[in-house]
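Chain by chain, the residues:
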Amino acid sequence: MGEEGDPLSALRAWGAARSVDEAGEALRASGLEVAPVHDGLSIARDPYFRARGDVQPATLPSGRQIAVPGHVLRQLDDSGTKRSFRHAALGVDQKAVFGDERGERIDG
């Protein structure tokens, strides 16, 4: 694997020489269907996802602001009300999740 002339190595080299947008344009021009795969950081930084509510601000107990996943599922509950996102404070549910063995708080 990784030998010179190896198709995977050639593809890696081709991709490394281009930006994501350039690679996407070239692949689409070749007739391939492509779309970016987002990670958490790219979603958090993307104005489109922020506008959709997929990323929402949260305040840590220290007062520091962070971005957290928002309401990704766009469904209505049984009453017809749109679901909303509510983040718990850091460490609040830890004892319920981990039990007595690991019930220590992590926000200290």
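A brief report on the enclosed structure follows. Each chain carries its own residue numbering, running from 1 in the direction its sequence is written. Since the coordinates come from a predicted model, pLDDT governs what is reported: local features require at least 70, and pairs of side-chain atoms require 80 or more to be given and counted, while whole-chain, interface and lining totals use all residues. For side-chain calculations, the full set of non-hydrogen atoms in the structure is used, while hydrogens and water are omitted.

## Section: the overall build of the chain
Phase 1 of the analysis: Comment: elements are numbered from the N terminus, with helices defined as DSSP H or I runs of at least four residues and strands as E runs of at least two. Across its full length, the chain carries 5 helices and 2 strands.
Phase 2 of the analysis: If you list the helices and strands of the chain from N to C, you get α-α-α-α-β-β-α.
Phase 3 of the analysis: Every one of the 108 residues in the chain was classed for burial, and the buried ones make up 15%.
Phase 4 of the analysis: For the chain, the proportion of contacts with a sequence separation of at least 24, taken over those separated by at least 6, is 10%.
Phase 5 of the analysis: Residue-level accessible areas treat just the shown protein chains as cover; the underlying method is Shrake-Rupley with a 1.4 Å probe. Total accessible area on the chain is roughly 8,800 Å²; 55% of this is exposed by carbon and sulfur atoms. A 1.4 Å probe rolled over the protein chains alone gives each residue an accessible area, and that area as a share of the maximum for its type sets the label: buried under 20%, exposed over 50%, partly exposed in between. In this description, contact between two residues means that some pair of their heavy atoms is separated by no more than 4.5 Å.

## With respect to the layout of surface pockets
Phase 1 of the analysis: Using only the protein atoms, space was sampled on a 1 Å grid; points where a 1.4 Å probe fits but cannot get out form cavities, open sets with protein on both sides within 12 Å along at least five of seven lines form pockets, and lining residues are those with an atom within 4 Å of a point. Grid points are joined across faces, edges and corners, and a volume is the space filled by probe spheres set on the points. What the largest pocket holds in volume is close to 260 Å³.
Phase 2 of the analysis: Residue lining of the largest pocket: Val 20, Asp 21, Ala 23, Gly 24, Leu 27, Arg 28, Val 34, Ala 35, Pro 36 and Val 37, and that is the complete set.
Phase 3 of the analysis: Class assignment for the residues of the lining of the largest pocket results in 7 nonpolar, 1 polar and 2 charged. Nonpolar residues are Ala, Val, Leu, Ile, Met, Phe, Trp, Tyr, Cys and Pro. Charged residues are Asp, Glu, Lys and Arg, and all others, Gly as well, are polar.

## Let's talk about the packing of aromatic side chains
Here a ring pair, both rings aromatic, is described through the centre-centre distance and the interplanar angle of the planes.
Phase 1 of the analysis: Paired rings are identified among Phe, Tyr and Trp, the last through its six-membered ring, by centres lying within 6.5 Å, and are further divided according to the angle between planes into stacked (under 30 degrees), edge-to-face (over 60) and tilted (the rest). Scanning the entire structure with this criterion turns up 1 aromatic pair.
Phase 2 of the analysis: Note on Tyr 48 and Phe 49: the rings are 5.3 Å apart at their centroids and 70 degrees apart in plane angle, and the pair reads as edge-to-face.
Phase 3 of the analysis: The class for Phe 49 is buried, based on a relative accessible area of 15%.

## A short note on the pattern of salt bridges
Phase 1 of the analysis: Salt bridges are counted wherever a side-chain nitrogen of Lys or Arg sits within 4 Å of a carboxyl oxygen of Asp or Glu. Under the defined criterion, the tally for this structure stands at 1 salt bridge.
Phase 2 of the analysis: Of the charged contacts, one joins Asp 54 and Arg 52 as a salt bridge, the two residues approaching to 2.7 Å between their closest N and O atoms.
Phase 3 of the analysis: Residue classification places Asp 54 among the buried positions, given a relative accessible area of 6%.

## Some points on the pairing of strand β2 (residues 65-69)
Phase 1 of the analysis: As paired elements, strand β1 (residues 55-59) and β2 share 5 bridges and run antiparallel to each other. Along β2, the bridge assignment pairs Ala 58 with Ile 66.
Phase 2 of the analysis: Strand pairing requires that DSSP identify at least two bridges connecting the strands. Between β1 and β2, which follow one another and run antiparallel, lie 5 residues, and Gly 63 among them has a positive phi close to 95 degrees.

## As for the environment of Pro 69
Phase 1 of the analysis: Locating Pro 69 in the fold gives a position in strand β2.
Phase 2 of the analysis: Overall, Pro 69 belongs to the exposed group, its relative accessible area being 57%.
Phase 3 of the analysis: Pro 69 sits 29 residues away from Gly 40 along the chain, and the two C-alpha atoms are 8.4 Å apart.

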